[in-house]
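Okay, here's what each chain looks like letter by letter:
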Amino acid sequence: MISRRPLLLAALAAPTIAHAQAPDRVRVAVFNVSSALPYYVAVERGFFAANGIEASAVPLQAAPLIVQSMISGDVEAASNLVTLEGANINARRANTAIYIALNGQNAQYQMEQFVVRSGSTAQSIRDLKGARILSAPGPANISAARAVLAANGLQEGRDYTIQEQQMGVHVGALAAGTFDAAYTLEPVATIAERAGAARRLETGVIATHLLGRRDAQAWAAGAALTGKFITEKPAAAQRFAAAWARACALIAADPTAVRPLLVQHMQTSAELAPTIPLVNFRMVKDMTAEEIADFQKFVDLAVAQGVVRDRIEVRSFLRAL
């Protein structure tokens, strides 16, 4: 029997016929953590170029800044916008950020997690009583951290303190002992662990503690286009989505082939790149009913916490391009 895997990889690697007209320029807000990988794959493997898209990265290291840039028209897309930020702005200004792909996170597809500094005796999240904790930046990240801590019986102020910190300072702050623990993201968690600055406490904490199933998918970020871009340039939006789909498929089929991009674009060492966990990159068109239900529960919990102002149907800002 002939294996389909080589055929699939060959199809993913083969360039499509470039459009004769000038390419459509698309500015993409990039939050530079490992969930931005499809953007770099689509650029470096020529998927955007083959689809008539000239993509350029606009580095923005906080979700609120990405949302502001989408509203102002400074970008047409976002590589990995936090979905709670997307839900919040769409509840107030419909059609601001329309997701074409989502990133699933849990204990298998690791992104968000709690780590503790080297030498800590903590063995579970409950053991973080009395800890000074730092959090990945943005309201959605720090609210998720607080909610997971609350689910483990810990109350802010009484049992712990928490502070937002930019991703670039997490490793140093843990190594220096300025903080005892962190709610952090990949690849920072792996970098901190390999540097001896931290130890993983628990990964996939949103799925386990907030969605209630270890195997649930926490659709916490994803690729989004502005509603304006989709409306004004529907063909370009379709071609952008097609290139993104090729990138996601290549990551799933052959992650080893694309991991060097973590070194090239995300300040990851060549030694660490083969071990950095990757999330479940999924096009909206390929999501199951259960996965969309998990996403709705995730957003509903954020509404209950006050992170998202008003209840919103997630299908209203998902688009199967």
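Residues numbered from 1 in each chain as written. Predicted model: local features only at pLDDT ≥ 70, side-chain atom pairs only at ≥ 80, totals over all residues. Heavy atoms only, no water.

(A) Here's a closer look at the overall build of the protein chain. Of the regular secondary structure elements, the protein chain holds 14 helices and 11 strands. Its C-alpha atoms give the protein chain a radius of gyration of 19 Å, within 12% of the compact-globule value 20 Å for 321 residues. When its C-alpha atoms are laid out on the principal axes, the protein chain stretches across 60 × 45 × 40 Å. Within the protein chain, contacts between residues at least 6 apart in sequence are counted, and of these 78% link residues at least 24 apart. Looking at the protein chain as shown, the accessible area adds up to about 13,500 Å², and 52% of this sits on carbon and sulfur atoms. Computed over 30 positive and 26 negative side-chain charges, the inter-centroid distance for the protein chain is 2 Å. (Helix = DSSP H or I, 4+ residues; strand = E, 2+ residues; numbered from the N terminus. Rg over C-alpha atoms; globule rule 2.2 N^0.38 Å. Contact = heavy atoms within 4.5 Å. Areas by Shrake-Rupley, 256 points an atom, 1.4 Å probe, with all protein chains shown as cover. Lys, Arg positive; Asp, Glu negative; His and termini not counted. Charge placed at Lys NZ, Arg CZ, Asp CG, Glu CD.)

(B) Examining the nonpolar core more closely. Counting 107 residues, the largest nonpolar core has Leu37, Phe114, Leu128, Phe240 and Trp244 as its most contacted members. Residue contributions to this core peak at 11 residues, all from helix H11 (residues 234-253). Once residues within four sequence positions are removed from consideration, Leu37 is found in contact with Ile251, Val258, Leu261, Leu262, Met266, Leu278 and Phe281. Of all hydrophobic cores here, the second largest spans 9 residues; its members include Val115, Ala173, Phe179 and Ala182. (Core = buried A, V, L, I, M, F, W, Y, C linked by side-chain atoms within 4.5 Å. Buried < 20%, exposed > 50% of the residue type's maximum accessible area, 1.4 Å probe, protein only.)

(C) Structural view of the sheet that holds strand S1 (residues 24-30). Strand order in the open sheet formed by 6 strands is S2-S1-S3-S10-S4-S11, with mixed pairing between adjacent strands. The open sheet has two free edges, formed respectively by strand S2 (53-59) and strand S11 (280-283), since each of these has just one partner strand. Averaged over all pairs of adjacent strands, the angle between strand axes in this sheet comes to 25 degrees, irrespective of strand direction. Where helix H14 (residues 289-305) meets the sheet, it contacts strand S4 (97-105), strand S10 (218-226) and S11, and its direction lies at approximately 95 degrees from that of S10. (Pairing = 2+ DSSP bridges. Axes fitted to C-alpha atoms, helices over the stretch in contact; angles between N-to-C directions.)

(D) The arrangement of the sheet that holds strand S6 (residues 131-135) in detail. Taking strand neighbours across the sheet as the criterion, the 5 strands line up as S7-S6-S8-S5-S9 in an open arrangement whose pairing is mixed. The open sheet has two edge strands, strand S7 (160-164) and strand S9 (198-203), and neither has a second partner. Averaged over all adjacent pairs, the angle separating strand axes in this sheet is 25 degrees, with direction ignored. Along the sheet, helix H6 (residues 139-151) contacts strand S5 (113-117), S6, S7 and strand S8 (181-184); its crossing angle with S7, the most-contacted strand, is approximately 165 degrees.

(E) Structural detail: H6. End to end, H6 covers 18 Å across 13 residues, agreeing with the expected 18 Å (1.5 Å per residue, within 8%). Of the residues making up H6, those classed as buried are Ala140, Asn141, Ile142, Ser143, Ala144, Ala145, Ala147, Val148 and Leu149. Positive phi appears at Gly153, one or two residues downstream of H6, with a value of about 85 degrees. (Expected span 1.5 Å × (residues − 1).)

(F) Region of the structure containing the pattern of salt bridges. All told, the structure shown has 18 salt bridges when counted by the stated rule. For the salt bridge of Arg311 with Asp300, the shortest nitrogen-to-oxygen distance reads 3.3 Å. Taken together, the positions of Arg311 in the segment after H14 and Asp300 in helix H14 put the pair 11 residues apart, joining distant regions of the chain. For Asp300, a relative accessible area of 25% gives the class partly exposed. Salt bridges linked by common partners bring Arg213, Asp215, Glu290 and Asp294 together as one network. (Salt bridge = Lys/Arg side-chain N within 4 Å of Asp/Glu carboxyl O.)

(G) Here's a closer look at the environment of Ala236. As for its placement among the helices and strands, Ala236 is situated in helix H11. Sequence spacing of Ala236 and Ala320 is 84 residues, and the spatial spacing of their C-alpha atoms is 14 Å. Those residues in contact with Ala236, other than ones at most four positions away along the chain, are Asp24, Ile53 and Phe229.

(H) Representation of the pairing of S7. Inspection of the sheet shows S6 paired to S7 by 5 bridges, in the parallel sense. Paired with Ile133 across the two strands is Ile162, which belongs to S7.

(I) Structural context of the packing of helix H2 (residues 37-44) against H11. For the pair H2 and H11, the least separation of the axes is 8 Å and the interaxial angle reads 105 degrees. The orientation of H2 with respect to H11, classified from their angle, is roughly perpendicular. Taking contact as the criterion, the partners of Leu37, Pro38, Tyr39, Val41 and Ala42 in H2 are, on H11, Ala243, Trp244, Ala247, Cys248, Leu250 and Ile251. The residue makeup of the contact of H2 with H11, split by class, is 11 nonpolar, no polar and no charged. (Parallel < 35°, antiparallel > 145°, perpendicular 65-115°, else oblique. Nonpolar A, V, L, I, M, F, W, Y, C, P; charged D, E, K, R; others polar.)

(J) Molecular detail of the packing of aromatic side chains. One pass over the full model with this rule turns up 8 aromatic pairs. Judged by centre distance (5.3 Å) and plane angle (75 degrees), the rings of Tyr39 and Tyr40 are edge-to-face. For the pair shown, Tyr39 and Tyr40 are each scored as buried. An aromatic cluster is defined as three or more aromatic residues linked by ring pairs; in this entry it consists of Tyr39, Tyr40, Phe48, Phe240 and Trp244. (Phe/Tyr/Trp six-rings, centres within 6.5 Å; stacked < 30°, edge-to-face > 60°.)

(K) The arrangement of unusual backbone geometry in detail. Glu186 connects to Pro187 through a cis peptide bond whose omega is 5 degrees. Turning to its location among the elements, Pro187 is positioned in the loop between S8 and helix H8 (188-194). One non-glycine residue, Asn95, adopts positive backbone phi at about 75 degrees. Tracing the backbone through its elements, the reader meets Asn95 in the loop between helix H5 (83-92) and S4. Residue classification places Asn95 among the partly exposed residues on the basis of a relative accessible area of 35%.

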